[in-house]
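Each chain, letter by letter, is given below.
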Amino acid sequence: MPSLSNPVKAVFFDLGWTLVYPPSGDWEFTEPAKKLFRWDVYATLPEERRAQGRKAAYDTFRPRHKMATLEEEYQQNLDYYGEIARLFPELGATPQDVETAALEKVYQARHTYQLFEDSIPTLEALRGKYKLGVISDTWPSIVPVLEEFGLPGYFDTLTYSFEVGCFKPDPRMFADALGKMGLPPEQCVFIDDTAQNLVGAQKLGIQPVQIRKKPGADPCPEGMLSIDKISGILELLP
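Keep in mind the model is a prediction, meaning the values are calculated, not measured.

**Topic: the pattern of salt bridges**
1) Next: Going through the model one piece at a time under the given rule, you end up with 13 salt bridges.
2) Next: Linking Asp-79 and Arg-64 is a salt bridge whose minimum nitrogen-to-oxygen distance equals 2.2 Å. Of this pair, Asp-79 sits in helix 4 (residues 70–87) while Arg-64 sits in the loop between helix 3 (47–58) and helix 4; the two residues are 15 residues apart in sequence, bridging distant segments of the chain.
3) Next: When salt bridges that share partners are traced, they join Asp-14, Lys-168 and Asp-192 into one network.

**What to know about the side chain of Asp-97**
1) Next: Its place among the elements puts Asp-97 in helix 5 (residues 95–107).
2) Next: No salt bridge is formed by the buried Asp-97, whose closest oppositely charged neighbour, Arg-38, lies at an N-O distance of 8.9 Å.

**Comments concerning unusual backbone geometry**
1) Next: Following Lys-168, the chain continues into Pro-169 via a peptide bond in cis, with omega recorded as 10°.
2) Next: A positive phi is found at Trp-17, a non-glycine position, where the angle reads about 65°.
3) Next: Phi is positive for Arg-38, close to 45°, though the residue is something other than glycine.
4) Next: Structurally, the position occupied by Arg-38 is in the loop between helix 1 (31–36) and helix 2 (39–42).

**Concerning the packing of aromatic side chains**
1) Next: In total, this model carries 23 aromatic pairs according to the counting rule given.
2) Next: Geometrically, the ring pair formed by Tyr-58 and Phe-167 is tilted, given 6.3 Å between the ring centres and 50° between the ring planes. Of this pair, Tyr-58 sits in helix 3 while Phe-167 sits in the loop between helix 8 (161–164) and helix 9 (171–181), and the two are 109 residues apart along the sequence.
3) Next: On the basis of relative accessibility, which here comes to 8%, the residue Phe-167 falls in the buried class.
4) Next: Seen from their ring centres, Tyr-80 and Tyr-81 are 5.1 Å apart, and the 80° between their planes marks the pair as edge-to-face. Across the pair, Tyr-81 and Tyr-80 agree in class, each one buried.
5) Next: The structure contains a cluster of three or more aromatic residues connected by ring pairs, namely Phe-29, Phe-37, Trp-39, Tyr-42, Tyr-58, Phe-61, Tyr-80, Tyr-81, Phe-88, Trp-139 and Phe-167.
6) Next: Seen from the ring of Tyr-42, Arg-50 lies directly overhead, with NZ or CZ sitting 5.6 Å from the centre.

Each value, and the rule that gives it
Residues numbered from 1 in each chain as written. Predicted model: local features only at pLDDT ≥ 70, side-chain atom pairs only at ≥ 80, totals over all residues. Heavy atoms only, no water. Salt bridge = Lys/Arg side-chain N within 4 Å of Asp/Glu carboxyl O. Helix = DSSP H or I, 4+ residues; strand = E, 2+ residues; numbered from the N terminus. Buried < 20%, exposed > 50% of the residue type's maximum accessible area, 1.4 Å probe, protein only. Lys, Arg positive; Asp, Glu negative; His and termini not counted. Phe/Tyr/Trp six-rings, centres within 6.5 Å; stacked < 30°, edge-to-face > 60°. Lys NZ or Arg CZ within 6 Å of the ring centre and 35° of its normal.

Listed below in structure tokens is the structure:
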């Protein structure tokens, strides 16, 4: 039976589907955005076409992910929603719909995120016993949202993909986090919902734990610990 080793001195958290979740069930499309893009029509399209189209649109983020401002994020989201409108013409999304969705995504980002009810109690229980950090694929608009939730004060380090310029499981993300934390990887735990991210962390010596809160969560890699909600980490830590 796998277990966390001693000593554990730091815990890194992903954000999405770990501490926060999208109320609409979709990171890119809030409920208002789904109405703009006629999600009732989208749902009738072949699943394979939807998956391919979403991936193609999302790939517009990857080549120029390093950024510092909301305006840069807004421009990328204009491209993203514009690509969705182009790839799925039957949705009837207009240029105004594209602009409205991009504005909401960036400048009303609180619509995209909600805290899990056990996130704050779990961080409260861990604070002072372990160093705490974030390793998250995210954008500048997350910063004011986390401040609204009162989260930054719980963390010793923050590693955001938009600052590093790449996405997990790129080793640069974990190297940035470990460098800021100042601890060897074997003394650190990383909690994430995505299997490939956890495997990437494990390859560098970080102890991985999969959180399986997301509907349709990835299968847990063999031999890896998992929890059903974030408060479950309290039972695994020494």
